[in-house]
Structure formats: structure tokens, C-alpha cells
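Coordinate inspection notes
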Amino acid sequence: MPSSATQDKVITYFKYLKNITVNDIKQMYDLYSAYYENTSLDIFLNDLSKKTGAIMVVRKSDGKVVGFSTQQVLELDIHGKKVRGVFSGDTIVEQRYWGNNKLGVVFYRFLIKEKFRRPWVPFYWFLISKGYKTYMLMTNNCYKYYPNVAGNKPEYVEITKAYCNQLFPDYFDQNTMLLDFGEQYVRLKETVAEITPEMAASNPHIAYFEKMNPTWRRGTEMPCLGSIDVGSALYSFYARPMKWLRKQLGQHNPAGLELARKLEAERLAEQRSKAH
């Protein structure tokens, strides 16, 4: 009999929509409906049909889908200029498999592959953020992005408007630059991580997220954009090793993140105690 360690091993890979099977879809929807409310199979299928494919996280022992992240390649026309990008949709992973770094690796490979299909066309990563943690995926992994506490390029604002109008024309407010899907829209069952005054005061990115999306507690989502270009890639190759080196030397302590982790742990512990 295989050990629990063997059973827990997973494989992670990208699968184009045309190759996703009926059995894949059934397992994906079972996982999706366990984490989301106000949904149905029709809603899930309609959304999936618009995607290019999905990153699949599959348990090696029995082939069960334990996570996935849908991706959609977009082409936009911005005042006569062509741009391309990847929109990251739903990302769901069973809790026991959280921390699977391969999902990020596969996503990065997919981004680079799509970038080099047409290397001279500007290319971006698009996502929408209800909570600060999703927004910080952008701030921590992109050199040039929107919204940015250091200042926002008008070009990035225009591209963000374009992809929101293409994907969510009925829900996008160009004045607030937010998406409001309403109370009955598909949403996560769990609550979004809280922002305390201490966290906002100690981390400028968290504070800026709350400034740009002041109604996040009601469920409004903030569209984000990250530039995938040669300069950003070179910066990433430099910044990541330096961050690792500072960490090894005990010099890397991002402002507010340790406090955020501590407060989040306290919040979860309080929830568990109330449940008992």
C-alpha cells in the first residue's frame, strides 16, 4: 500500500481547453462548487468555454484533480495599437495542497511561451483582486504594474479599461476603476482576509490597495495589470536572488508582512475557537 506521502504527490501542467475531458470538468466543478457560492454547472461551463485552458494540479496516485487555475489569452486594440495578455481566472487548490510552488512555475512558463509567440507585441498579465493578498501577487512578482503606489502610467490605465470592457462590460465602472458584480454573483464562500489599521500603516501596498478599492469588504474587485517584458524579466532575475541572499543573511524583512501573517493567524485561531 502506498504511503500517505506518495498519495499526496501531485503533478502540475497546463492543459488546453480542447484537451480538457468530461471527467476533468466534473472534478473541476466539484472542487469549484465546494469553494464558491451562487454558482451552477451552467455558469462554470460558460466561463470555462471562454478560457484558453487551465493549469491542472493532479494527485499522482489516482489522477484526481486537486487544483486548477483557468487562463485566457486576450488580444486588445488600444487606439490602433495591438497588445496581448493572459487573464488569470479562478484559481482553486484543495487546502491540504496549498504551498504547491509548481503551479506558479507552470504559470510563468505559460506566460513566457505566450509572450514569445509574438515577441514584439506588448504583453501583460491581467487579474482582478477582491483582497490585498491577490493584489500583492502582482506587486511581488512584477516590476511594472497597475495600480502602483509609486504612480500609474496612463497607458496602463487605458489597457486595464480595455480588458475590463472586453471581459466584464456590465460590471466595470470606469470612474472608480472597479468591478462590482453584486451580491448574487459567484463568489468565494470564505471571507476575504481582513485589513487592520496596523497592516495598512506598516505596508504601503496594503494601504494603497485599500485606497484604490475602499469598498472591497462589500465585494468590489480591483483590476490589475503587470507588464511582461524583457526589462521586467531581467529585473526579476536580479531581484529574486538578491531577496534570497538578504533572507539568508537575516536582512530581508518586508514591512508589514510579518505583522500581516501574525494577525491573520490570530484571526483564524479565533474563528476555530468560536467553531468549537
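Please read all numbers here as calculations on a predicted model, not as lab measurements.

Conventions we followed
Residues numbered from 1 in each chain as written. Predicted model: local features only at pLDDT ≥ 70, side-chain atom pairs only at ≥ 80, totals over all residues. Heavy atoms only, no water. Helix = DSSP H or I, 4+ residues; strand = E, 2+ residues; numbered from the N terminus. Buried < 20%, exposed > 50% of the residue type's maximum accessible area, 1.4 Å probe, protein only. Contact = heavy atoms within 4.5 Å. Areas by Shrake-Rupley, 256 points an atom, 1.4 Å probe, with all protein chains shown as cover. Axes fitted to C-alpha atoms, helices over the stretch in contact; angles between N-to-C directions. Parallel < 35°, antiparallel > 145°, perpendicular 65-115°, else oblique. Left-handed = near helix turned anticlockwise from the far one by under 90°. Nonpolar A, V, L, I, M, F, W, Y, C, P; charged D, E, K, R; others polar. Pairing = 2+ DSSP bridges. Core = buried A, V, L, I, M, F, W, Y, C linked by side-chain atoms within 4.5 Å. Patch = residues over 30% accessible without salt bridge, like charges linked within 9 Å, V, L, I, M, F, W, Y side chains within 5 Å. Salt bridge = Lys/Arg side-chain N within 4 Å of Asp/Glu carboxyl O. Lys, Arg positive; Asp, Glu negative; His and termini not counted. Charge placed at Lys NZ, Arg CZ, Asp CG, Glu CD.

Some points on the overall build of the protein
Along the protein, the regular secondary structure elements total 10 helices and 11 strands. Out of the 276 residues in the protein, the part that is buried amounts to 42%. Of the contacts formed within the protein by residues at least 6 apart in sequence, a portion of 70% connects residues at least 24 apart. Roughly 15700 Å² of accessible area belongs to the protein as shown, and the carbon and sulfur atoms make up 55% of that amount.

Let's talk about the packing of helix 5 (residues 132-141) against helix 8 (residues 204-212)
Packing of helix 5 against helix 8 brings their axes to within 10 Å, and their N-to-C directions diverge by 120°. On the basis of the axis angle, helix 5 is oblique to helix 8. Like other packed secondary-structure pairs, helix 5 and helix 8 cross with a definite hand, here right-handed. Where helix 5 approaches helix 8, its residues Tyr132, Tyr135, Met136 and Thr139 are matched on the opposing element by His205, Ile206, Tyr208 and Phe209. Tallied by class, residues from the contact of helix 5 with helix 8 come to six nonpolar, two polar and no charged.

Thoughts on the sheet that holds strand 1 (residues 10-16)
Spatially, the seven strands line up as an open sheet ordered 1-3-4-5-6-11-7, and their pairing is mixed. On the outer flanks of this sheet lie strand 1 and strand 7 (145-146), each paired with one strand and no other. Packed on one face of the sheet, helix 6 (residues 154-167) meets strand 4 (65-78), strand 5 (81-93), strand 6 (123-129), strand 7 and strand 11 (222-227) and runs near 115° to strand 4.

Re the environment of lysine 133
Tracing the backbone through its elements, the reader meets lysine 133 in helix 5. Through-space distance from the C-alpha of lysine 133 to that of phenylalanine 209 is 9.7 Å; in sequence the pair is 76 residues apart.

Let's talk about the nonpolar core
In terms of nonpolar packing, the biggest core is built from 33 residues, with Leu111, Trp125, Tyr132, Tyr135, Met138, Ile195 and Phe209 touching the most fellow members. Where this core is concerned, the elements lending two or more residues are strand 3 (53-59), strand 5, helix 4 (102-115), strand 6, helix 5, helix 7 (197-202), helix 8 and strand 11. With five residues, helix 4 is the largest single contributor of residues to this core. Those residues in contact with methionine 138 that lie beyond four places of it in its chain are Trp125, Leu127, Tyr145, Cys224, Leu225 and Gly226. In this structure, Phe87, Val157, Phe168 and Phe172 belong to the second largest nonpolar core, which totals 21 residues.

Considerations on the environment of asparagine 101
Mapped onto the secondary structure, asparagine 101 falls in the loop between strand 5 and helix 4. The class for asparagine 101 is exposed, based on a relative accessible area of 63%.

Overview of the pairing of strand 5
Residues in a regular strand point their side chains to alternate faces of the sheet. By the bridge criterion, 11 bridges tie strand 4 to strand 5 in an arrangement that is antiparallel. In the sheet register, isoleucine 78 faces strand 5, and the bridge partner there is lysine 81. Sheet topology note: the strand 5/strand 6 ladder contains four bridges and is parallel. Note on strand 6: the bridge partner recorded for glycine 85 is tyrosine 124.

Digging into unusual backbone geometry
Note that the residue after tyrosine 146, namely proline 147, is joined by a cis bond; omega there is -10°. Tracing the sequence through the fold places proline 147 in the loop between strand 7 and helix 6. Notably, histidine 79 is not glycine yet its phi reads approximately 50°, a positive angle. Turning to its location among the elements, histidine 79 is positioned in the loop between strand 4 and strand 5. The class of histidine 79 is exposed, set by a relative accessible area of 72%.

As for a positive patch on the surface
Where like charges cluster on the molecular surface, the positive patch consists of Lys9, Lys60, Lys102 and Arg109. In this fold, lysine 60 is placed in the loop between strand 3 and strand 4.

Focus on the pattern of salt bridges
Under the defined criterion, the tally for this structure stands at 17 salt bridges. One salt bridge in this structure joins glutamate 94 and lysine 64, with 3.3 Å as the shortest N-O distance. With a gap of 30 residues between them, glutamate 94 in the loop between strand 5 and helix 4 and lysine 64 in the loop between strand 3 and strand 4 connect regions that are remote in the sequence. Residue classification places glutamate 94 among the buried positions, given a relative accessible area of 17%. In this structure, the salt-bridge partner of arginine 217 is glutamate 210, at a minimum N-O distance of 3.2 Å. In this structure glutamate 210 comes out as partly exposed when scored by relative accessible area, which is 22%. Within this structure, Glu75, Arg84, Glu114, Arg117 and Arg118 form a network of salt bridges that share partners.

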